[in-house]
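Commentary on secondary and tertiary structure
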Amino acid sequence: MRFPQNIFYGIKDKRIIEVINSIPREDFLPESLKDYAYADTALPIGSGQTISQPSLVAYMTQLLELTGRERVLEIGTGSGYQTAILAALAHEVYTIEIIRELHEEAKQALSKLGIGNVQYKLGSGYEGWEEYAPFDRIMVTAAPPEVPPKLVEQLKDKGRMVVPVGDRDQTQILKLIIKSGNTMIEEDKSFVRFVPMVE
Ligand code: SAH
């Protein structure tokens, strides 16, 4: 075990805890911050971006209800830490990052760990990834002002999407969206603070 158990309060899916404890978070952090890898806090990863706090990574992952068979679209690769966790719990991950340097570093970090079931794209998450749509699950780890319509389009029927919605520099609401035919079931889950999803 790497993290103190109490950070997983409320996580009922034991596989998520096992996976998080099996992935070395220090591999996704800059050299100077590696000592803080197992503190339950968000940390800077360069280019003005942050790696999320592990308890929130666990919580957002749990909301996706992964069984191992899913194709997951992730927006905001960042360090690749959340990507690695999704890759361990789903069939295939398609991840999009807008900053080239982070996109390249994340690819390296994941390949170093031997994680192969991930496709990487440099570009804007607002467009989703048409070639591989629809997706069983979508996880967004930067905050758009509103739920991006293309992402809703690219979500399969009965699919689940987790997205923090809100304005820059303000508290955002973490939403769970479940597609059901032509309607959307939308649940507000918690208050969060992510970097903005840039246009
Ligand atoms: N999940 C990441 C943290 C992501 S931080 C981790 O585990 O490390 C949010 C990321 O979203 C940043 O890397 C930022 O560059 C990226 N981002 C912001 N706007 C975006 C957009 N429109 N499309 C794709 N990525 C975006």
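Residues numbered from 1 in each chain as written. Predicted model: local features only at pLDDT ≥ 70, side-chain atom pairs only at ≥ 80, totals over all residues. Heavy atoms only, no water.

1. Here we look at the environment of R193
- By secondary structure assignment, the location of R193 is in the segment after β9 (183-192).
- For the pair R193 and A142, spaced 51 residues apart in sequence, the C-alpha separation works out to 8.9 Å.
- Once you skip the residues sitting within four places of it in the chain, R193 turns out to touch D169 and Q172. (Helix = DSSP H or I, 4+ residues; strand = E, 2+ residues; numbered from the N terminus. Contact = heavy atoms within 4.5 Å.)

2. Topic: the sheet that holds strand β5 (residues 118-122)
- Within the open sheet, the seven strands sit side by side as β5-β4-β3-β6-β7-β8-β9. Their pairing is mixed. Two strands bound the open sheet, and with one partner strand each, they are β5 and β9. Here the strands of the sheet are splayed against their neighbours by 15° on average, with no regard to which way each runs.
- Bridging between strand β8 (residues 172-180) and β9 involves nine bridges; their strand directions are antiparallel. (Pairing = 2+ DSSP bridges. Axes fitted to C-alpha atoms, helices over the stretch in contact; angles between N-to-C directions.)

3. Let's talk about the site of the ligand
- Of all residues adjacent to the ligand, which total 24 residues, the nearest are S79, E97, G125, T141 and V198.
- Interatomic distance of 3.2 Å between a backbone N/O atom of Q82 and an oxygen atom of the ligand.
- Between a nitrogen atom of the ligand and a main-chain N or O atom of V198, the distance comes to 2.8 Å.
- Protein chains shield 99% of the accessible area of the ligand, which is 580 Å² for the free molecule. (Near = heavy atom within 4 Å. Polar contact = N/O pair within 3.5 Å; in protein donor to acceptor, adjacent residues only side chain to side chain. Areas by Shrake-Rupley, 256 points an atom, 1.4 Å probe, with all protein chains shown as cover.)

4. Some thoughts on helix α2 (residues 54-64)
- The element α2 is largely enclosed, with a buried count of 10 among its 11 residues.
- Buried within α2 are the following residues: P54, S55, L56, V57, A58, M60, T61, Q62, L63 and L64.
- Just downstream of α2, E65 is the residue with a positive phi angle, here 50°. (Buried < 20%, exposed > 50% of the residue type's maximum accessible area, 1.4 Å probe, protein only.)

5. Things to note about the nonpolar core
- Grouped together as the largest cluster of nonpolar side chains are 46 residues, with contacts concentrated most on F8, I20, F28, Y81 and I85.
- If we skip the residues at most four places from it in the chain, I20 touches F3, F8, P54, V57, A58, Y81 and I85. (Core = buried A, V, L, I, M, F, W, Y, C linked by side-chain atoms within 4.5 Å.)

6. A look at the environment of Y9
- With respect to the secondary-structure elements, Y9 resides in the segment before α1 (14-22).
- What makes Y9 exposed here is its relative accessible area of 78%.
- Note: C-alpha distance between Y9 and P196 (187 residues apart in sequence) is 27 Å.

7. Structural notes on the packing of α1 against helix α3 (residues 81-89)
- Between α1 and α3, whose axes approach to 10 Å, the crossing angle comes to 130°. When the axis of α1 is compared with that of α3, the two are oblique. Along this stretch, α1 crosses α3, giving a crossing that reads as right-handed. On the side of α1, the interface is formed by R15, I16, V19 and I20, while α3 contributes Y81, I85, A88 and L89. (Parallel < 35°, antiparallel > 145°, perpendicular 65-115°, else oblique. Left-handed = near helix turned anticlockwise from the far one by under 90°.)

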